[in-house]
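Understanding the architecture of this molecule
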Amino acid sequence: MLRWVSSFDVFDTLIARRSVEPQLVLKQLEMRAGLPGLAVKRLLADQRLGSRGQPYQLDDIWQEVKQAMGLDDATANGLKALEVQLEHDEVIPIAENLVQVEDGDVLVSDTYLPLEVVRSLLSRAGLERTVALLVSNDGKLRGWIWPRLLEKFNVRQHFGDNLHSDGKTPASAGIKAIIYTGSERTAVERFLAERGWEPLANLVREVRLANPIMHSRPEERHLWTLTCELNFPLLFFASLLLERHLRDSGAREVFFVSRDCHLWHRLYGRLFPLRRSTYFYTSRKCLLKPS
């Protein structure tokens, strides 16, 4: 009798990238390597191999890049290793989904990254369950992975973020599909990114996705989200304005009144560690009705 399991997508379901878009990892790679045009060449190599309809991995991509840019073996291997390192630097957990994974479940990913790299990314993000991991280029996209999965398991549901690969194709194989949209930027995060504050938008998203509070405590989960999406950006911009005011006025020290400014004082101190700032203990009663 086949064992019952749940299956999960990996990228943008269990883990995500800090910079949101995979192409931004390649731009970082180009900057670190100091090779203009590397990001485009690397992306084109992936697209060329994908168009052939044959299995390929990261090694094959870098063989293409090596030939296109005339790189020697040592340079190409070094750049490939740097890309993997950047992927590890970029990985963040999607906490609410990681906690749903149980021992024995199956993770299914369409990716060019080798299986051992995907496992190490999941481990870095905090996954501690013993799971099966299936990696292919187009198994979910074309749907051929699902019949193979059903030969070995009874799949109660598949959970992922892509409407086609995690929704349509598993549903066509008779598997209940649940689509997750939380890895997408929220309205606040889009607002920040579109106005030139993309690093701040990414940080807000990262902390939002790290929410450890279970859905059984919806009010507390909502407070976490409000803190990430509203409190933090508000205090961040308030800190910038305050520092500008202090510089313009020539002030040597700033006092943050308790208790309302408790979090603001901590954030300001991290942003401007050279500015002398003091948490000033007082109360509304003292301030409004002094003796």
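What you see is a predicted model; the values in this text were computed from it and never measured. (Residues numbered from 1 in each chain as written. Predicted model: local features only at pLDDT ≥ 70, side-chain atom pairs only at ≥ 80, totals over all residues. Heavy atoms only, no water.)

The next point concerns the pairing of strand β9 (residues 276-280). Both strand β8 (residues 253-257) and β9 contribute to a ladder of five bridges, which runs parallel. Across the sheet, the residue bridging to Val-257 is Phe-280, located in β9. One crossover worth recording links β8 to the parallel β9 by way of helix α13 (residues 262-271), and it is right-handed. (Pairing = 2+ DSSP bridges. Helix = DSSP H or I, 4+ residues; strand = E, 2+ residues; numbered from the N terminus. Right-handed = clockwise from strand over helix to strand, strands pointing away.)

Scanning the entire structure with this criterion turns up 22 salt bridges. One salt bridge in this structure joins Arg-205 and Asp-12, with 3.9 Å as the shortest N-O distance. In this pair, Arg-205 sits in helix α11 (residues 198-209) while Asp-12 sits in the loop between β1 (3-8) and β2 (15-17), placing the two residues 193 residues apart along the sequence. Between Lys-66 and Asp-73 there is a salt bridge; the shortest N-O distance is 2.4 Å. Relative accessible area serves as the criterion here: at 18%, Lys-66 is assigned to the buried category. Taking the relative accessible area as the measure of exposure, Asp-73 reaches 45% and is therefore partly exposed. (Salt bridge = Lys/Arg side-chain N within 4 Å of Asp/Glu carboxyl O. Buried < 20%, exposed > 50% of the residue type's maximum accessible area, 1.4 Å probe, protein only.)

Attention shifts here to the state of the cysteines. Tallied over the full model, the rule gives zero disulfides. Left unpaired, Cys-286 is separated from the closest cysteine sulfur, that of Cys-261, by 15 Å. (Disulfide = S-S within 2.5 Å.)

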